[in-house]
Every structure is written in structure tokens, then in C-alpha cells.
Amino acid sequence: MNTAGKVDAMRADLDYVRRFNEEALARTGKKARAFTQTYGCQQNVSDGEKINGMLAGMGYDFCESPNEADIVIFNTCAIRENAEERVYGNVGALKSVKRRNPGMIIALCGCMMQQAHVAEKIKRSYTHVDLVFGPSALPELPAMIRRRLISGDRVFTILDETGAITEDLPLRRDGAIKAWVPIMYGCNNFCTYCVVPYVRGRERSRDFDKVCDEVRSLVGQGYREITLLGQNVNSYRSGDTDFVALLRALNAIEGDFRIRFMTSHPKDCTRALIDAIADCDKVCNHLHLPVQSGSDKVLEGMNRGYTVEKYLGILKYARARIPDITFTSDVIVGFPGETYADVQKTIDLIRTVRYQSLFTFIFSKREGTKAAEMADTVPDEEKKKWFSELLDIQNQISREAFESMPGETVTVLVDGKGKSGEGYLTGRTVSNMIVDFIGPETLTGEFVRVRITQALNWALAGELV
């Protein structure tokens, strides 16, 4: 079935479930309610918006607790073990809830469910779970719910993650100021520690015109910040259009808005991309460029495809072209075979680059990856010491960056109420720093100028100019 046919079939199933819920409402006076929870990356968050869009189209209201819901959906992540353990714990806790409400539908989806050993474990040990499906099966959600309502069957739909992208799914976005726009799915890099190519499949890019139309529509609806998503956005290609050309085309769309993107792979981060960031006034002067390690030996073991020298060369060129650019990154500590000397090389890199912030992780073994088969002799307690040392240094660098800001005037996109107290608003600068300041709520969704007055532990404080 082609993608248009899939959407038509999805809508027919969606209408069936909506009518079912309307008839139940007429009988009982109670509207069906849904609870959804998303784990993991921004791509998962975007998938969660599609799930919520389909649920809304099927007539479900949304509630804040799974104990109150008629359908519960956990949209899962497979990147790290602790995320998986949280899912198992939360699903296990629903067993007693479903005993009290046998008609409740419990669904698990996302990357974790795309792993065969996980799906088998759910089928065997969590028999109160009704629906299990992977990321590519999102359009099948109404059909799975319909089948469950009619037959009572458990439904497991794990599709091959190489199929065509299904466009035009219903959406229920989480906010009205910032929007996620996936431009590609999957990954071809096969970093040895990463399960993404196995659960998200090979790289597939959305049609150039579809992406442009979506961004144009969002800007017309008043969205002020668009974040382009992909496991490796640098690899985007639609026909002859690559990611650099896409950025330049989106920058040309009329309107007052910002463009961000993530995640960018260092081996594919070209000077042409840096030039586009420099040339495009709507593209934020901020680059999230995951380095993972400052040791060439570890990078080779990770199959990252670049050296520390090449990585620093990218950043040097970016700072020459865009003097006020800021960088964030991802770092893994405790990769198999890594030594304390390797960790010190990563710390040296962090001191050299002076990242605005880091997303730091202790290595998590993922079944099916090459790193899971590598000898890993360093005790967890030792890895935690390395991790703490690295984190302390980065925290100091972040504090120093914040403490250099008072007196500067920055442009802030206002998100809403701030955490500093009554009357405060919060927003982010173009370099993704959080700023709290006093102002009227009517400024929410606007770009304002704020003079920084104080560095806080977690953000900046300022006053409207």
C-alpha cells in the first residue's frame, strides 16, 4: 500500500474508533480518556505529538494520570538501560490498575519496542499489555486500537524500519511557540555503541516541498522557533537538495522566526554548513556537535569517523566565520577499553572548546551493538568517579560562561512563566541560554531585548530593555 493509501486506511480506522467512543459516551456519559508518556529524544517527542493527534482524532480526551485513563501509551527509548528500566517499572505498576479496569488498553511503542528481545519479553512477561509497535508502525495505531476493541486480541506490529515516510498524520503539538519538524529518519553510521540504526532503520529523508510547506504553515500559525530533527540532519537529501540547501530555503521563508537543528554529526559537518549558519539570519548561532570522546583511540573504537584534530578544525572554522557561536555536545564516559588517560584527553578537549553545556552519559551496553561484545573491565564505581570529575569541570566552565554575561543585552524568545518568582517570564537566547526576567505575560511568544543583570546557578537573570 502506498503512503496515501496508508493515510486513507488510517483515517477510516480513526473514524471507527471515534464513533465507538461517541457511542460509549452516549451510553455512559463518560468521555474516553488517554494518558501518554514519551521517553528519550526530540524525535520521540515529535512522534508523541503524532500519537496524541491520532488519539484526539479518535475522540479521546487527555488526563494527567494513567490511573484515570481508558488508554495508556508509553512511547519508549532504547538508547540507555535506565530508560528501559523505567518503562518496565511503570508498565508493571499498571497491572493492578488494569485489574480494576479490565477495559483499559495499554500500549507500548517507540524504539525500545523495535528490539525483538524486548517485544518477546513484553509478550511473555507483561500479559496485561495490549499493543506493541515500533516507530514505523505509528500510522497503524488506529487500526490496532480498532482490532483490540472488536476482538480483544493483543496486537504486536513490528514493521521493517526501512519503509517510506508516511506524511500528513494528525498532530497535536505540545506548544504554540516552538515546533519540532522531523526532516529525516534513521541512521547509516553504525556507531558501535548505538542501537539507533537497528531500531530506526536506514536513513530516509522527507520531501523538500513537504518540509518547506510545514515550516511555512507553522510560521503562518505564529510559531517563532522551528527545530529541524534527524538522527543526522547533515545527511538530509531530497532529490538534488541537501541539508545546506534546505537551510537556505527555509531561511528565505518570510516571517519573524528562528531555525535550530539537531543532531549534526561531526564527520559530515562541512564548511558549507558553517557558511550557511553564518549567512542565514534566522538560523541560530549555536551548534550541537556530539564529540563523544576526546581520545582518537576511543573514537576509532566507537566508529565515529573523525579524529579530535578534525573535530577541532570544524570548531575553529566556525568561530572564525561566526565569532559569537556557541557549542554544546554529547560525551560518553566508560566506553569499553577506555582508560583514565583517555578520559583526561576528553577533559582536555572540554577545557579547549569550553562548551556552553554538555549532555554526559556513562556507557550503557545495548544488545545487538558491536560495543556490547567488547571487553569492558573497568568497574562501574571507577567510571562514576571519572564521570564526576568530568562533570565538575564542565559545570565550572558553564558557570564561568554565565558569570561573563551580566551587562550584556541579548534577544530572548519568551516561552512563558519563569521559575524565579511571581511576575517572572522565561525564555532562551539565540545561543540557547535560559533567561528569567520580570515582564507581562502578554510578551509570551515574542522576541524581546533583555539586559543581563545576574548569573544564577541554572540560568541568567535580567531586565527588559
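Just so it is clear, the structure is predicted and the values come from calculations on it, not from any experiment.

Chemist: Explain the pattern of salt bridges to me, please; I cannot follow it from the model alone.
Modeler: A side chain of one charge can pair with a side chain of the opposite charge if their charged atoms are brought near each other. Overall, the coordinates contain 31 salt bridges when judged by the stated rule. Close ionic contact of arginine 216 with aspartate 213 constitutes a salt bridge, the shortest N to O distance being 3.1 Å. Highlighted residues: arginine 216 and aspartate 213, both in helix α7 (residues 208-220), separated by three residues, approximately one helical turn. Judged by its relative accessible area of 45%, aspartate 213 is partly exposed. Notably, a salt bridge pairs glutamate 463 with arginine 451, separated by 2.4 Å at the nearest N-O pair. With glutamate 463 in strand β21 (residues 460-464) and arginine 451 in strand β20 (residues 447-455), this pair connects stretches of sequence that are twelve residues apart.

Chemist: When you look at the sheet that holds β20 in this model, what are you seeing that I'm missing?
Modeler: Think of a sheet as strands paired side by side through backbone hydrogen bonds, with each pair either parallel or antiparallel. Strand order in the closed barrel formed by five strands is β17-β18-β19-β21-β20, with mixed pairing between adjacent strands. Across the sheet, the mean angle from the axis of one strand to that of its neighbour is 55 degrees, orientation sign disregarded. The pairing of strand β17 (residues 409-417) with strand β18 (residues 424-428) spans four bridges and is classified as antiparallel. Looking across to β18, one finds that valine 414 is bridged to glycine 427.

Chemist: Which parts of the structure should I look at to understand unusual backbone geometry?
Modeler: Glycine aside, negative phi is the norm for most residues, and most peptide bonds take the trans geometry. A cis amide bond, omega 5 degrees, links methionine 262 with the succeeding residue threonine 263. Mapped onto the secondary structure, threonine 263 falls in the loop between β13 (258-262) and α9 (271-279). The residue phenylalanine 190 is not glycine, and still its phi comes out positive at about 50 degrees. Looking at where phenylalanine 190 falls in the secondary structure, it is placed in the loop between β8 (184-185) and α6 (196-200). For phenylalanine 190, a relative accessible area of 30% translates into the label partly exposed. Its identity is not glycine, yet asparagine 303 carries a phi of approximately 60 degrees, on the positive side.

Chemist: Help me out: how do you make sense of the nonpolar core in this one?
Modeler: Nonpolar side chains in soluble globular proteins generally cluster together in the buried interior. The biggest cluster of nonpolar side chains holds 58 residues, and the ones touching the most others in it are Ile183, Leu228, Phe243 and Phe261. The residues touching phenylalanine 243, leaving out its near neighbours within four places in the chain, are Ile183, Leu228, Val233, Asn234, Tyr236, Phe261 and Leu273. If you look at the next biggest cluster of nonpolar residues, it comprises 27 residues, including Tyr39, Val118, Val129 and Val132.

Chemist: Please clarify how the side chain of glutamate 338 should be interpreted in this entry.
Modeler: Turning to its location among the elements, glutamate 338 is positioned in the loop between β15 (326-333) and α12 (340-353). No salt bridge is formed by the buried glutamate 338; the nearest opposite charge belongs to lysine 383, separated by 7.4 Å. Contacts of glutamate 338, omitting those with residues within four sequence positions, involve Ser293, Val298, Ile332, Val333, Val343, Thr346, Val378 and Trp386.

Chemist: It is not clear to me how the pairing of strand β3 (residues 71-76) should be interpreted in this structure. Could you clarify?
Modeler: In summary, the side chains of a regular strand alternate between the two faces of the sheet. Extensive coverage of β3 is indicated by the burial of six of its six residues. In the sheet, strand β1 (residues 33-38) pairs with β3 via five bridges, with the strands oriented parallel. Its bridge partner lying in β3, glutamine 37 is registered against phenylalanine 74. Where β3 and strand β4 (residues 105-110) come together, six bridges link them in parallel fashion. Bridge pairing in β4 places isoleucine 71 opposite isoleucine 105. Where the polypeptide runs from β3 across helix α3 (residues 81-100) and back to β4, its parallel neighbour, the crossover connection is right-handed.

Chemist: Just to check I follow, could you spell out the sheet that holds strand β2 (residues 61-62) for this structure?
Modeler: Taking strand neighbours across the sheet as the criterion, the six strands line up as β2-β1-β3-β4-β5-β6 in an open arrangement whose pairing is parallel. Where the open sheet ends on each side, the last strands, each with one partner, are β2 and β6 (155-157). When β1 meets β2, the two strands line up parallel, connected through two bridges. Note on β2: the bridge partner recorded for arginine 33 is aspartate 61. Packed onto the sheet, α3 meets β1, β3 and β4 and runs at close to 170 degrees relative to β3.

Chemist: I keep staring at the pairing of β21 and nothing clicks. Help me out?
Modeler: Summarising the sheet, strand β19 (residues 434-438) and β21 pair through four bridges and their orientation is parallel. Bridging from a neighbouring strand, isoleucine 438 pairs with glutamate 463 of β21. Bridging between β20 and β21 involves five bridges; their strand directions are antiparallel. Across the sheet, the residue bridging to alanine 455 is leucine 460, located in β21. Hairpin connection from β20 to β21: four residues lie between these consecutive antiparallel strands.

What counts, and at which threshold
The residue count restarts for each chain, going from 1 along the sequence in the order it is written. Local features are withheld for residues below a pLDDT of 70 in this predicted model, meaning they are given only at 70 or higher, and side-chain atom pairs are given and counted only at 80 or more; totals for whole chains, interfaces and linings count all residues. Calculated side-chain values reflect all of the structure's heavy atoms, with hydrogen atoms and water omitted. What counts as a salt bridge is simple: a side-chain nitrogen of Lys or Arg found within 4 Å of a carboxyl oxygen of Asp or Glu. In DSSP terms, a helix is any run of H or I states spanning at least four residues, a strand is any run of E spanning at least two, and both are numbered starting from the N terminus. The cut-offs for exposure are 20% and 50% of the maximum accessible area for each residue type, with area from a 1.4 Å probe on protein chains only; residues under the lower value are buried, those over the upper are exposed, and the others partly exposed. Whether two strands pair depends on DSSP finding at least two bridges between them. In this analysis, axes come from line fits to C-alpha atoms, helices being fitted only over the stretch in contact, and the angle between any two N-to-C directions falls in the range 0 to 180 degrees. Each nonpolar core is a collection of buried residues, namely Ala, Val, Leu, Ile, Met, Phe, Trp, Tyr and Cys, held together in the definition by side-chain atoms within 4.5 Å. Between two residues, a contact is recorded if the distance between any of their heavy atoms is within 4.5 Å. Counted charges follow a simple rule, with Lys and Arg positive, Asp and Glu negative, and His plus the chain ends left uncounted. Consider the strands pointing away from the viewer: the crossover is right-handed when the path from the first strand over the helix to the second runs clockwise.

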